[in-house]
Amino acid sequence: MNLRKLILIFSILALTATSCSSDGTSEGSTYTQAADETPTTTEAPAETAAPAETAAPAEDESSEEGRDELIALLTIVFDLETEEFATCMVDEMHAVSGYSYALLLESTLSEEDEDDLDEIATEVASTCMSNLSLEEIDLFGDESTVPTLEISSDPNALGAILAVEEIDFTDETIVGWLVTYRSQSVSGDPIEVTGTIVAPNSVATEPRPVFSVAHGTTGMADMCAPSLDYVGENIDFAGRSALVQPLLDEGWVVVASDFEGMGGPGLHPYIVGASEAQGVFDIVRAAQTAPTLGADGPLIVWGHSQGGHAAMHASQRWQDIAPELNLVGVGAGAPPSQFPFLKDFLMNGAFQGYLIMVAASFAEVYDELSLETIVEPEYLPLVEELELGCTGHIFDIFNPIPYEDLTSVDDIFGDPSWNARLVENDSNQLPNQTPLVILHGDQDEQIPAGSSGLLLDQICALEGHEHIERILYEGHTHGSAPGAYWADLLAWMDARVSEEPVNQENACSTITVPNSDDQTD
């Protein structure tokens, strides 16, 4: 029975009381509906019950030590005018639970939850409500059941909230914010990064599981930041993020970083693994600055395409970047790897623009690299186009140029400096530190499915890797694969959050799922 749980119990009861009219019918408050759906709440009785007569403590629990301190604490926490309600709560809890006052005080100040005391506190609070004035009920009920996210007091802490704007969702059962938060660059310099945080519109009664989304390729400029989809009025979250909506319905907190350089200064470090992983983890830290969100439960990271690359690096760099987070699993959809092979596959094709994005990113991040050493001089001015449009614009500019004309070197991997950084940022260099599932469509036209098969074998050959498995979806392309694998991913995630053991029969192996609907668009 910690303070957060006790405050929540009281606030829900207070809110229920304020939302009832004189004849006992609900006035239909949105937040009342949310509170009524919270499993730990108890409906206020139609008629206020008289407070139960306080029972005398048992002889072996007769000490008054801690009673006055606990009454004073609850009076201050609940911001009450008198001590009547707090006195009723303390004495009733003492009588019903059999706990000494000192033990109740210790329990209230602790960070641990005790379900038996929570149930007793709910019953006792309902009984003691008659000791409150209507003004006290209104004050607490109106302000304490809505999750809030505030500017952080320490702007230098990783994940500190530097700016926040609430999202205007049409769905009143969820709440979300556009945030600017503190992160750090690959070189360790403090930077500002933008993103989104979305959660159920009710105060958390216990730690909630967290889903950190690593977005796919959208471009490299600020205008390409995924969070911009949530700017404006009447935002339909389900319409924009249909796959993620079920997680919110089940009580998850969903966070998504725009990544470094998209919404903040500088060019986005595209396919730089350490930068992507930092963004994935720091947005979780940002959510954890709001105790009412409860974003300190088990963490799952997922991404597809570029997001799959970010997810791979998050699984490999977790203990170095954010060991305090409870990362229980990672899902990587179509993760880019085997960079020499991928370069040959993409050159002179419909997705050649990805290659110039990687080259420009690495030249921006790493001091020893320069585009002048690999790009023909006549095409160097076109690099400015990377900040003037998103992925479609980049493809329009760079895809028509023959690769042999665009580059001034026969093989970029033949340059020791470029090769070292490309190898470093491939997905096959480090063992995963948490259970990992790779998901891929066998008809992927952007990241060939064979590359993730090689990736699986390479990770499994590394010493110290955690459980890893791969699922291949027949008949599915780069774009259709997430819809095909989503139900399997959710089931895998639920098993990780529930602390179920991984299926060792799937370790370092590939399961092929036949195409059930023949949809390959």
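Report follows, based on the coordinates.

Calculation rules
- Residue numbers run consecutively from 1 along every chain, following the written order of its sequence.
- The model is predicted, so local features are restricted to residues of pLDDT at least 70 and side-chain atom pairs to those at 80 or more, both for listing and for counting; the totals for chains, interfaces and linings are taken over all residues.
- In computing side-chain values, all of the structure's heavy atoms are included and hydrogens and water are not.
- Helix and strand definitions here come from DSSP, where helices need a minimum of 4 consecutive H or I residues and strands a minimum of 2 consecutive E residues; each element is numbered from the N-terminal end.
- The buried label goes to any residue with under 20% of its type's maximum accessible area, the exposed label to any with over 50%, and the partly exposed label to all in between, with areas taken from a 1.4 Å probe on protein chains only.
- Residues count as neighbours in contact if any of their non-hydrogen atoms are within 4.5 Å of one another.
- Areas reported here follow the Shrake-Rupley algorithm with a probe of radius 1.4 Å; residue values treat only the protein chains shown as occluding.
- Residues enter patches when their relative accessible area tops 30% and they take part in no salt bridge; the joining distance is 9 Å for like charges and 5 Å for the nonpolar side chains Val, Leu, Ile, Met, Phe, Trp and Tyr.
- The salt bridge criterion pairs a side-chain nitrogen of Lys or Arg with a carboxyl oxygen of Asp or Glu, the two atoms within 4 Å.
- Think of it this way: Lys and Arg go in the positive column, Asp and Glu in the negative one, and His and the chain ends go nowhere.
- Lysine's charge is taken at NZ, arginine's at CZ, aspartate's at CG and glutamate's at CD.
- Here, two cysteine sulfur atoms that lie within 2.5 Å of each other are counted as a disulfide.
- Between the rings of Phe, Tyr and Trp (Trp by its six-membered ring), a pair exists once the centres lie within 6.5 Å; its type follows the angle of the planes, with under 30 degrees stacked, over 60 edge-to-face, and the other angles tilted.
- We count a charge as sitting over a ring when the NZ of a lysine or the CZ of an arginine lies within 6 Å of the ring centre and within 35 degrees of the ring normal.
- DSSP calls a pair of strands paired once it identifies at least 2 bridges connecting them.
- Lines fitted to C-alpha atoms define the axes here, with helix axes fitted over just the stretch in contact, and angles between the N-to-C directions of these axes take values from 0 to 180 degrees.

### A closer look at the overall build of the chain
Right, on to step 1. Helices and strands together make up the secondary structure of the chain, namely 18 helices and 10 strands.
Right, on to step 2. Put simply, the chain has 521 residues, and 53% of those count as buried.
Right, on to step 3. Taking all contacts inside the chain whose residues are at least 6 apart in sequence as the whole, residues at least 24 apart take part in 77%.
Right, on to step 4. Here the chain has roughly 22300 Å² of accessible surface; of this, 49% comes from carbon and sulfur atoms.

### Observations concerning a negative patch on the surface
Right, on to step 1. A contiguous patch of negative charge on the surface is contributed by Asp 249, Glu 250, Asp 494 and Glu 500.
Right, on to step 2. Along the chain, the position of Asp 494 falls in helix H18 (residues 481-497).
Right, on to step 3. Looking at Asp 494, the relative accessible area reads 32%, which means it is partly exposed.

### A few points about the state of the cysteines
Right, on to step 1. According to the stated counting rule, one finds 2 disulfides in the structure shown.
Right, on to step 2. Across the disulfide, Cys 224 is cross-linked to Cys 390 (sulfur-sulfur distance 2.2 Å). For the disulfide bridge between Cys 224 and Cys 390, the dihedral angle about the S-S bond is near -110°, and by the sign convention the bridge is left-handed. Taken together, the residues Cys 224 in the loop between strand E4 (210-214) and helix H8 (237-240) and Cys 390 in the loop between helix H13 (353-365) and helix H14 (391-398) connect sequence positions 166 residues apart.
Right, on to step 3. By relative accessible area, Cys 224 is classed as buried at 5%.
Right, on to step 4. Here Cys 390 falls in the partly exposed class, since its relative accessible area comes to 24%.
Right, on to step 5. A disulfide bridge connects Cys 460 with Cys 508, and the sulfur atoms are separated by 2.0 Å.

### Quick notes on the packing of aromatic side chains
Right, on to step 1. Counting across every chain of the model gives 13 aromatic pairs.
Right, on to step 2. Ring geometry for Phe 362 versus Tyr 366: centroids 5.6 Å apart, planes at 85°, classification edge-to-face.
Right, on to step 3. On the basis of relative accessible area, Phe 362 is assigned to the buried category, the value being 0%.
Right, on to step 4. Residue class for Tyr 366 comes out buried when judged on its relative accessible area of 4%.
Right, on to step 5. What links up through ring pairs into an aromatic cluster is the set Phe 211, Trp 252, Trp 302 and Trp 486.
Right, on to step 6. Here the basic side chain of Arg 496 rests over the ring of Trp 492, its NZ or CZ set 5.0 Å away from the ring centre.

### Here we look at the environment of Ala 363
Right, on to step 1. Here Ala 363 is to be found in helix H13.
Right, on to step 2. Those residues in contact with Ala 363 that sit more than four places away from it in its chain are Leu 369, Ser 370, Leu 371 and Trp 418.

### Digging into the sheet that holds strand E6 (residues 299-304)
In any sheet, the strands associate via hydrogen bonds between backbone groups, in a parallel or an antiparallel arrangement.
Right, on to step 1. Read across the open sheet, the 10 strands follow the order E1-E2-E3-E5-E4-E6-E7-E8-E9-E10; overall the sheet is mixed. Two strands in the sheet have a free side with no partner beyond their single neighbour: strand E1 (161-166) and strand E10 (510-513). Direction aside, neighbouring strands of the sheet carry axes that sit 20° apart on average.
Right, on to step 2. In terms of strand pairing, E6 meets strand E7 (residues 327-333) through 6 bridges, oriented parallel. Each residue of the ladder has a partner; that of His 304, found in E7, is Gly 333.
Right, on to step 3. Lying on the sheet, H18 is in contact with E4, E6, E7, strand E8 (436-441), strand E9 (468-473) and E10; it crosses E6 at an angle near 165°.

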